[in-house]
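# Notes for the structure review
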Amino acid sequence: MIRLEGVGKTYEDGTVAVQSLDLDVAPNTLVCLVGPSGCGKSTTLKMVNRLIEPTTGRIVLDGSDVTDADPVELRRGIGYVIQQVGLFPHQDIATNVATVPSLLGWEKKKAKTRALELLELVGLDPATFAKRYPHQLSGGQRQRVGVARALAADPPVLLMDEPFGAVDPVVRAHLQDEFLRLQRDLGKTVLMVTHDIDEAVKMGDRVAVFAAGGRLAQYDTPAAILGAPADEFVAEFVGRARGLRRLAVTAIDPARLEPLDGVAAADLAGTIDVHARLDEAMALLLREDKAMVGVTDGARFLGVLTPNGIHAMLRADVNR
Ligand SMILES: Nc1ncnc2c1ncn2[C@@H]1O[C@H](COP(=O)(O)OP(=O)(O)OP(=O)(O)O)[C@@H](O)[C@H]1O
């Protein structure tokens, strides 16, 4: 667990980057810090691994104040992924990934084996990539290496600063999906900075929306941020399309499905899995020009979802 208590940062020139910030990140959850440029997101992240020292407040990591830790030790225990990745150009990919295990004094062979496992985990075939150098990789591949390197020593905490920023939207969506899949298996405590609200609501278990001057405007679930913005600033930031965005973050509620009685198969737009999000259901309804879609759980048919049902699920999700 990461806890920020009254954390503030005023730079030497008087710039207030972060105002008294209270924020709890529960274990094994992913929290996104989102907000306009210059609102203190990166500063907040860097205070957790002490690349920047706070001027006020304290940061507690698993019960201990980070200022009591040796900064170098601290950083070895926290994975850190940045946009420009920062791979060592003259070292091959496997060596890059094994950086922290090597610093931690792991046996060479063990560190190498771990690096190859990690490459596999992030979807880069070790046989192809282990011996290449950073300049022989695409931007998306380099970013995967950055994630592999941050995970190499299996740190419980990961800090990610615009980790999928420097790639095109298609690769970006792909990397996001892969990271979410990894996170389901690995269950790290992740603090991630992004300026993209779509990325924040897709990735975050919770989202912290920052306003200028490092003020925390709202800290909540993606559904609540989109469905019940705390103030005008948040409403404006999440944008006019927030109604549509909510579809992508709201789960299907099996209790609100309607029975199949009297519905002909031809009336259905098709079927979707109960674990899909409402945007998939809506997309299918619109594409097939129908008003009902069947919802299944494996081989089981659970019921029928209609636009009214979608509306009810959106409303209920915010009020939960
Ligand atoms: N070393 C520094 N000295 C003075 N001011 C700084 C320093 N580093 C950052 N700042 C200022 O602190 C504020 C917060 O910067 P920070 O990098 O945390 O914002 P951010 O939300 O991560 O921005 P972006 O999305 O553009 O990366 C900005 O106004 C920035 O100009």
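For clarity, every value in this text was computed on a predicted model and none was experimentally measured.

### Describing helix α5 (residues 108–121)
If you check α5, its first and last C-alpha atoms are 20 Å apart, about what 14 residues at 1.5 Å a residue would give, namely 20 Å. When we look at burial in α5, the residues that qualify are Ala 111, Arg 114, Ala 115, Leu 116, Leu 118 and Leu 119. Packing partners of the buried residues in α5 comprise α3 (93–97), α4 (99–103), α6 (126–129) and α7 (139–151). Within two residues after α5, Gly 123 carries a phi angle of roughly 85 degrees, on the positive side.

### Thoughts on the site of the ligand
In the neighbourhood of the ligand, 13 residues make up the surrounding shell, with Tyr 11, Ala 17, Ser 37, Ser 42 and Thr 43 lying closest. Ranked by the residues each element gives to the shell around the ligand, the list is headed by helix α1 (residues 41–48), at three residues.

### Quick word on the domain arrangement of the protein
Split by domain assignment, the protein resolves into domain 1 (2–246) and domain 2 (250–319). Each of domain 1 and domain 2 was reduced to a C-alpha centroid, and the two centroids are 34 Å apart. Taken together, the contact between domain 1 and domain 2 spans five residues of the former and four residues of the latter. With three residues, helix α10 (residues 222–227) is the single largest residue contributor to the side of domain 1 that touches domain 2. Looking at the side of domain 1 that touches domain 2, its residues break down into three nonpolar, one polar and one charged.

### Notes on the sheet that holds strand β12 (residues 292–297)
The mixed open sheet is built from three strands, whose spatial order is β11-β12-β13. Either end of the sheet is taken by a strand with one partner, and the two such strands are β11 (268–273) and β13 (300–305). Direction aside, the axes of adjacent strands within the sheet are offset by 25 degrees on average. Bridge count for β11 against β12 is four bridges, and the pairing is parallel. When the bridges of β12 are listed, Thr 271 appears paired with Gly 294.

### Description of the sheet that holds strand β8 (residues 189–194)
Strand pairing in a sheet relies on backbone hydrogen bonds, with the paired strands running either antiparallel or parallel. Taken in spatial order, the six strands make up an open sheet running β6-β7-β8-β3-β9-β10, and their pairing is mixed. Taken across any chain shown, the strands that pair with only one partner, and hence form the sheet edges, are β6 (78–82) and β10 (215–220). Put simply, the sheet's adjacent strands are angled 15 degrees from each other on average, direction ignored. Across the sheet, α7 lies against β6 and β7 (157–161), angled at about 165 degrees from β6, the strand it touches most.

Reading guide: rules and limits
Residues numbered from 1 in each chain as written. Predicted model: local features only at pLDDT ≥ 70, side-chain atom pairs only at ≥ 80, totals over all residues. Helix = DSSP H or I, 4+ residues; strand = E, 2+ residues; numbered from the N terminus. Expected span 1.5 Å × (residues − 1). Buried ≥ 20, exposed ≤ 12 C-beta atoms within 10 Å, placed from the backbone. Contact = placed C-beta atoms within 7 Å. Near = placed C-beta within 6 Å. Domains from an automatic or database assignment. Nonpolar A, V, L, I, M, F, W, Y, C, P; charged D, E, K, R; others polar. Pairing = 2+ DSSP bridges. Axes fitted to C-alpha atoms, helices over the stretch in contact; angles between N-to-C directions.

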